[in-house]
Amino acid sequence: MSVFFKRLGKVVPITFSHAFQGKSQSNSNNFPIPFGAIAAISGGMSYFYYFSEPNLVHLDPINKETGPKSALDPKKWQTFKLQDKATVSHNTHIYRFSFDPNLKLGLDVASCLITRAPLGEDADGKRKYVIRPYTPISDPDSKGYFDLMIKVYPEGKMSQYFAKLKPGDIVEVKGPVEKVRYTPSMKKHIGMIAGGSGITPMLQVIEAILKNPNDNTKVSLVYANVSPDDILLKKRLDMLAATHPNLKDMALKGLPTPSDDTLILVCGPPGMMQHISGDKAKDRSQGELTGLLKELGYTEEMVYKF
């Protein structure tokens with residue numbers, strides 16, 4: 001597994017952190033956001049492994065007649081108002097959107113939602129849109145709000161749109177879009193490789209696992225960033241580590257070995273995806289497994305690309 005980390009480090013000037021667990025609050029005066037991360041440098045790199053705090057739960061099946069309704073609609077664009085914004089790093093922010101406090105968002109684990117923003121008009125005078133998927137980092141069972149963590153890129157049409165939003169502005173959202181259906185104890189060990197904002201779907205799965213006291217799934221995470229300052233949700237990961245004595249030091253053990261009881265989740269920028277697992281196919285299906293994971297003996301059934 002040491003070969004894996006050495007080769008992964010060649011993709012970008014990667015920083016990994018190495019953590020255990022805990023809970024904290026951001027310094028935002030407007031709404032609380034838990035954060036965390038402990039960094040350990042080794043051989044010019046730091047490695048980040050952690051098990052997340054159990055602060056999410058699976059949504060119970062909703063009875064259409066008597067149960068609560070969902071704020072999301074998979075077939076219709078809904079408008080959500082920006083309630084507040086908090087800074088995570090120099091180019092990353094968390095956006096809290098509000099809706100009816102009696103409703104749940106309607107998001108299963110692991111799922112994302114789709115956002116769209118107007119982008120001028122085409123030659124026929126019809127409005128054009130930019131559309132992007134995002135995975136909320138808030139508890140999917142929360143009522144009345146959801147949080148998106150978005151990294152702003154200089155040429156990112158959607159992220160630039162988010163960067164200009166002010167409280168009271170609205171964003172159109174549709175969903176949910178299911179990625180991989182997680183069920184408790186579906187695998188003995190889930191390994192995760194995330195880069196940058198690719199941490200968001202990993203948090204969704206990890207926190208759902210640890211929220212359920214009957215779920216015995218072991219989770220390990222490798223989180224890659226260009227520099228320590230780019231580690232998103234660093235304080236959250238740090239504090240998550242401090243409150244979970246059941247965590248083990250994963251620095252030497254690394255990812256789980258290939259087996260039928262293993263699942264590896266991968267999410268990150270295109271260059272990382274190509275090197276680790278290969279990207280998805282053009283039709284956005286999983287596509288062929290390539291890269292380091294294939295070399296290490298994993299099969300397509302053992303890997304899921306977000």
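Small disclaimer: the values here were computed from a predicted structure and weren't measured.

A. Seen up close, the pairing of strand E5 (residues 92-98). In terms of burial, E5 is a largely internal element, six of the seven residues being buried. Pairing of strand E4 (residues 78-89) with E5 involves seven bridges; the strand directions are antiparallel. Counted as the bridge partner of Lys85 is Tyr95 from E5. What sits between the antiparallel neighbours E4 and E5 is a turn of two residues. Judged from the seven bridges that link them, E5 and strand E8 (residues 145-151) form a sheet pairing that is antiparallel. Of the residues in E8, the one forming a bridge with Thr92 is Lys151.

B. Spotlight on the packing of aromatic side chains. All told, the structure shown has nine aromatic pairs when counted by the stated rule. Here Phe80 and Phe99 contribute two aromatic rings whose centre-to-centre distance is 5.7 Å and whose plane-to-plane angle is 85 degrees, an arrangement assigned as edge-to-face. On the criterion of sequence distance, the pair formed by Phe80 in strand E4 and Phe99 in the loop between E5 and strand E6 (111-121) is long-range, its members being 19 residues apart. Residue Phe99 is classed as buried on the basis of its relative accessible area of 14%. What links up through ring pairs into an aromatic cluster is the set Phe80, Tyr95, Phe97, Phe99, Tyr134, Phe146, Tyr161 and Phe162. In this structure, Arg96 is placed above the aromatic ring of Tyr145, and the distance from its NZ or CZ to the ring centre is 4.0 Å. Here the guanidinium or amino end of Arg116 rests over the ring plane of Tyr129, the centre of that ring lying 3.9 Å away.

C. The arrangement of the UniProt feature "binding site: FAD" (unreviewed entry) in the chain in detail. According to UniProt, the feature "binding site: FAD" (unreviewed entry) maps to Arg132, Pro133, Tyr134, Lys151, Lys157, Met158, Ser159 and Thr200 in the numbering used here. By relative accessible area, which is 51% here, Lys157 ends up exposed. Beyond its immediate sequence surroundings of up to four residues, Lys157 is in contact with Leu119 and Val130. With respect to the helices and strands, Met158 occurs in helix H2 (residues 157-163).

D. Broad picture of unusual backbone geometry. That bond from Val109 to Ala110 is cis: its omega, 5 degrees, falls within 30 degrees of zero. Structurally, Ala110 can be placed in the loop between E5 and E6. The step from Gly175 to Pro176 runs through a cis peptide bond, and the omega angle for that step is 5 degrees. By secondary structure assignment, the location of Pro176 is in strand E9 (residues 170-178).

E. Just the sheet that holds E9, in detail. If you trace the six strands from one edge of the open sheet to the other, you get E7-E6-E9-E4-E5-E8, paired in antiparallel fashion. The sheet terminates laterally at strand E7 (127-134) and E8, the two strands that pair on one side only. Geometrically, the sheet is characterised by an average inter-axis angle of 40 degrees between neighbouring strands, direction not taken into account.

F. Just the nonpolar core, in detail. Core analysis: the biggest nonpolar cluster contains 26 residues, and Met192, Ile199, Met202, Val205, Leu265 and Phe306 have the highest contact counts within it. Within the residue set of this core, elements represented by two or more residues are strand E10 (189-195), helix H3 (199-211), strand E11 (218-225) and strand E12 (262-267). Ranked by residues supplied to this core, first place goes to H3 with eight residues.

G. Structural view of the pairing of E9. Pairing between E4 and E9: four bridges, direction antiparallel. Pairing of Thr79 across the sheet is with Glu172, part of E9. Relative to E9, E6 runs antiparallel, the two sharing five bridges. Residue pairing across strands places Thr115 opposite Val173, the latter belonging to E9.

About the cut-offs
Residues numbered from 1 in each chain as written. Predicted model: local features only at pLDDT ≥ 70, side-chain atom pairs only at ≥ 80, totals over all residues. Heavy atoms only, no water. Buried < 20%, exposed > 50% of the residue type's maximum accessible area, 1.4 Å probe, protein only. Helix = DSSP H or I, 4+ residues; strand = E, 2+ residues; numbered from the N terminus. Pairing = 2+ DSSP bridges. Phe/Tyr/Trp six-rings, centres within 6.5 Å; stacked < 30°, edge-to-face > 60°. Lys NZ or Arg CZ within 6 Å of the ring centre and 35° of its normal. UniProt positions renumbered as here; feature names shortened; annotations may be inferred. Contact = heavy atoms within 4.5 Å. Axes fitted to C-alpha atoms, helices over the stretch in contact; angles between N-to-C directions. Core = buried A, V, L, I, M, F, W, Y, C linked by side-chain atoms within 4.5 Å.

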